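Structural overview for review
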Amino acid sequence: MAHGPAKGISRWLFTTNHKDIGTMYMWFSFAMFLLGGAFAMVIRAELFQPGMQLVEPEFFNQMTTMHGLVMVFGAIMPAFVGLANWMIPLMIGAPDMALPRMNNWSFWILPFAFLMLASTFFMEGGAPNFGWTFYAPLSTTYAPPSVTFFIFAVHIMGASSIMGSINIIATVLNMRAPGMTLMKMPLFVWTWLITAFLLVAVMPVLAGAVTMMLMDIHFGTSFFDAAGGGDPVLFQHVFWFFGHPEVYIIILPGFGVVSQVIPAFSRKPLFGYSSMVYATASIAFLSFIVWAHHMFTVGMPLAGELYFMYATMLIAVPTGVKVFNWITTMWRGSMTFETPMLFAIAFVILFTMGGFTGLMLGIAPSDIQYHDSYFVVAHFHYTMVAGAIFSLTAGIYYWLPKWTGKMYNETLGKTQFWIAFIGFNLTFFPQHFVGLAGMQRRVPDYALQFADFNMLSSIGAFMFGMSQLMLLFNVINTILAGKRAEKDKVWDGAEGLEWTVPSPAPYHTFSTPPQVK
Amino acid sequence: MATQGSYYVPEQSKLPLFASLGMFLTVFGAAGWINGSESGMTVFFAGALVLASVMWTWFSTVIKENLAGLNNDQLKRSYVWGMGWFIFSEVMFFAAFFGALFYLRQFAVPWLAGEGHSAMTNELLWKGFENEWPLLTTPEQVREGEAAARFIGAHEPMGWAGLPLINTIILLTSSFTVHFAHTALKNANRKMFNIWLGATVALGIAFLILQVEEYVHAYEELGLTLNAGVYGTTFFMLTGFHGAHVTLGTFMLLVMWLRGLKGHFKHDDAFGFEAASWYWHFVDVVWVGLFIFVYILGS
Ligand code: HEM
Ligand SMILES: [Cu+2]
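Cut-offs and rules
Residues numbered from 1 in each chain as written. Chains lettered and ligands numbered in written order. Predicted model: local features only at pLDDT ≥ 70, side-chain atom pairs only at ≥ 80, totals over all residues. Helix = DSSP H or I, 4+ residues; strand = E, 2+ residues; numbered from the N terminus. Buried ≥ 20, exposed ≤ 12 C-beta atoms within 10 Å, placed from the backbone. Contact = placed C-beta atoms within 7 Å. Nonpolar A, V, L, I, M, F, W, Y, C, P; charged D, E, K, R; others polar. Near = placed C-beta within 6 Å. Expected span 1.5 Å × (residues − 1). Axes fitted to C-alpha atoms, helices over the stretch in contact; angles between N-to-C directions. Parallel < 35°, antiparallel > 145°, perpendicular 65-115°, else oblique. Left-handed = near helix turned anticlockwise from the far one by under 90°. pLDDT = per-residue confidence, 0-100.

Turning our eyes to something else, we now look at the overall build of chain B. Regarding its fold elements, chain B presents 9 helices and 0 strands. Order of helices (α) and strands (β) in chain B, N terminus to C terminus: α-α-α-α-α-α-α-α-α. For chain B, with 299 residues in total, the buried portion stands at 41%. For chain B, long-range pairs separated by at least 24 residues make up 65% of all intrachain contacts whose partners lie at least 6 apart in sequence.

Okay, the interface of chain A and chain B next. The interface is formed by 61 residues belonging to chain A together with 60 residues belonging to chain B. Mapped by element, the contributors of at least two residues to the side of chain A that touches chain B are helix 1 (10-13), helix 4 (100-119), helix 5 (147-174), helix 6 (187-218) and helix 7 (232-266) of chain A. When residues in the side of chain A that touches chain B are grouped by element, the largest group, 11 residues, is from helix 5 of chain A. By residue class, the composition of the side of chain A that touches chain B is 40 nonpolar, 17 polar and 4 charged.

Our focus in this paragraph is unusual backbone geometry. Here the bond from A:S503 into A:P504 is cis, since omega is -5 degrees, no more than 30 degrees from zero. Along the chain, B:W133 connects to B:P134 via a cis peptide bond; the corresponding omega equals 0 degrees. Mapped onto the secondary structure, B:P134 falls in the loop between helix 4 (119-125) and helix 5 (139-144). One non-glycine residue with positive phi stands out, namely A:R442, at about 65 degrees. With respect to the helices and strands, A:R442 occurs in the loop between helix 13 (410-436) and helix 14 (451-481). Residues other than glycine seldom take positive phi values, yet A:F510 does so here, at roughly 55 degrees. Along the chain, A:F510 turns up in the segment after strand 2 (483-484). Residue classification places A:F510 among the buried positions, given that 22 C-beta atoms sit within 10 Å.

All names here are of chain A. Around ligand 1 sit 25 residues in total, of which G358, L361, H371, F380 and T383 are the nearest. Those elements that provide at least two residues to the shell around ligand 1 are helix 7, helix 9 (302-330), helix 10 (339-362), helix 11 (364-370) and helix 12 (374-404). Take the shell around ligand 1: its biggest share by element is 7 residues, from helix 12. Of the residues assigned to the shell around ligand 1, the class counts are 12 nonpolar, 12 polar and 1 charged.

Moving on: helix 7 (residues 190-222) of chain B. Residue and element names in this part refer to chain B. If you check helix 7, its first and last C-alpha atoms are 46 Å apart, about what 33 residues at 1.5 Å a residue would give, namely 48 Å. For helix 7, every residue scored as buried is listed here: F193, W196, L197, T200, V201, L203, G204, F207, E214 and A218. Those residues of helix 7 hidden inside the fold are in contact with helix 6 (163-186) and helix 8 (229-261).

Our focus in this paragraph is the packing of helix 6 of chain A against helix 8 (residues 273-286) of chain A. Residue and element names in this part refer to chain A. Running from N to C, helix 6 and helix 8 cross one another at 15 degrees; their axes reach a closest spacing of 10 Å. In terms of orientation, helix 6 lies roughly parallel with respect to helix 8. Every pair of crossing elements has a handedness; the one defined by helix 6 and helix 8 is right-handed. Contact residues: L187, W190, T191, I194, F197 and L198 in helix 6; M276, V277, T280, A281 and A284 in helix 8.

Moving on to the confidence of the model for chain B. All names here are of chain B. Residues at a pLDDT of 70 or more form 98% of chain B, whose mean pLDDT is 94. Highest mean pLDDT in chain B belongs to helix 1 (residues 15-34) (98); lowest belongs to helix 4 (93). Quick note on the complex model: pTM equals 0.96, ipTM equals 0.95.

Residue and element names in this part refer to chain A. Between helix 7 and helix 12, the least distance of the axes is 9 Å, while the angle of their chain directions is 40 degrees. By the angle between their axes, helix 7 is oblique relative to helix 12. Seen from above, helix 7 lies across helix 12 with left-handed handedness. Across from V247, I250, I251, G254, V257, V258 and V261 in helix 7, the residues of helix 12 making contact are T383, M384, G387, A388, S391, L392, A394, G395 and Y398.

Here you go:
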């Protein structure tokens, strides 16, 4: 075990090394990020002006659908799994993940799954066009034939996620170095442990949802067909029972990253560590009992509306605890503003805005106005882009020197940050207003009064897209030509076992476990 | 938690990549097959073959590593966690279908019949449809008449007292026999281990045979089919997925039985068998849920 990586391509194909697998996850997810980003560019190009310019409405639907699916399942989720692979063993002092071969299996399923999903573009009837939430009967009775391939692609993605999560749980529960008690674990590890639990709990439910679709479409069952006594609304319940925990699956690891980065650049320990752990756990618990806030307009009984409204409001409490703790960590710290910190601070501000719009949407009577408008689009991009993507970017810049042993270009990093920050807000801030004024989501055309704001949105989106190419360039440039990172502890305020190993981290670390005091 | 010795981190392995390839071909073939493409079936079976042979090699490798003493206690705990959480994920898969049953029965069907605030749904869309469970007359049957309807309800629900009760007794018994096998193994009583485990496998097979008979009965005599509206839908999906899990569980136990004959297990080192037996208990518990919610409360 005490040797370096194998030579050539077989290193990557057959590896069992958590760092290699983490790297592959990261590159794969970035590729998917660019693919999903390309779809977004098509959407924004079409919406640049009112009227139909570039694409057919049918193709526009495929774009919105595939954009959502690729970003959620192909970009954000695998990217965080990549971080988990790289960092969890380093953070808890483990020699590798608990089940290294299964780890590689989880990864290699994904390229195949997305190959299958992408191949639907070339099939008769085109790619899935029913939205990333694939509501029945759009996704059953009225779906293109390629839906069958979509269903099976979701199945194997789910298998990958479940195996990946089981691996993370086993690693965290079983592989911690002596002395690394649960309540000493870095917050990133905690958030991932809880995320993994959410994944194991809800990915099977998603598998159930697509299985019901498959049976309805091809084998004569009537889960979602009222003619047989079924109900399309059942689909929404099953989907959102998966879907709401899913949004926390997407954001919790991001919370973890930010909780590592902010203390490092504030040169203060994280404020309220244990309350952070409990808040994360409460959020995870609550995420199981609020799903129907996505369905306020579907015709639920009043009792349901009220229950799901109040339960949703509750989530604001633990979320508030977190935001409070991040800010208090910075309070009177000796702060510096390197790129990871810039992204982390932007995360706190913008995610909080996303939380507030979430709260607005969670109020059933107002949601009846906001639902399916661009306001919702603005809400979830504040949480998923400024939340998940910004925290990911913070994590990438923060740990890149540890991964590569080289320093990224700080000026370029900061420039990227500002372009991303401005581009992001230019894209999504106006969407709040067009949404409130009545512009519907997922429609390729819009009324004239929304023209100015949509043009701004599109310009912002192109800026944001460009900033991601700068990130790519910065990473490649670091690998090829970065200055050597001098110290093991790259950031002087950073704490944790990952900073006790050399930079770049050797191929095998902690073969004998460190002693944690 | 404490790490003792060194944790076994396997060398490079070709298994994961080929397992992914096999999995991909299997589902890609299946999707093509279902969609009516010519090559779908071939691709499906080719994929399944690849996947099966990779799994075979994978499990053999792990067994050999264990026999060679590479696995320390810590690694074994990883396996325990792994299996435990896998079973939990399976529980959640069934939860989706039990949840669907609950929703359809408690909400969807009554609403179609005009209960709650849905009076007009019934009046305008499904006039004459009445709430009942098991649902024997589908809304479509009421509106379009027998001849035009796609979903035709069963003439009669599946009772619980006949085959299902026998199957319940069989499965419950098998949970005991597998437990006795475990006890025998712990006492290093190899002979009794083989007997009890063999009996469990036999009970599993008996269950499956009776389930096939039950399905034939449902289709031929009761008119209870996948097309029979939500009663048929939930009945077959729940019992069908359970049956698939019994098949897998029986297969696992059969493999463990054969391994037992080869003398693989020691009284304190039998994770493979234990994992299979947990799975078996899980399948059993699901059946109890089915027996109550699908059979007794559904007939
Ligand atoms: C403070 C906590 C949050 C609350 C109260 C909240 C509430 C809501 C509500 C009520 C909706 C439904 C709006 C509608 O369709 O009419 C919604 C949509 C959505 N939220 Fe949140 N949310 C919160 C945080 C998050 C987070 C952290 C994420 C993801 C990281 C997220 C992602 C989404 C997504 C993706 C949708 C739209 C789904 C769709 O219809 O396509 N939300 N949110
Ligand atoms: Cu939600």
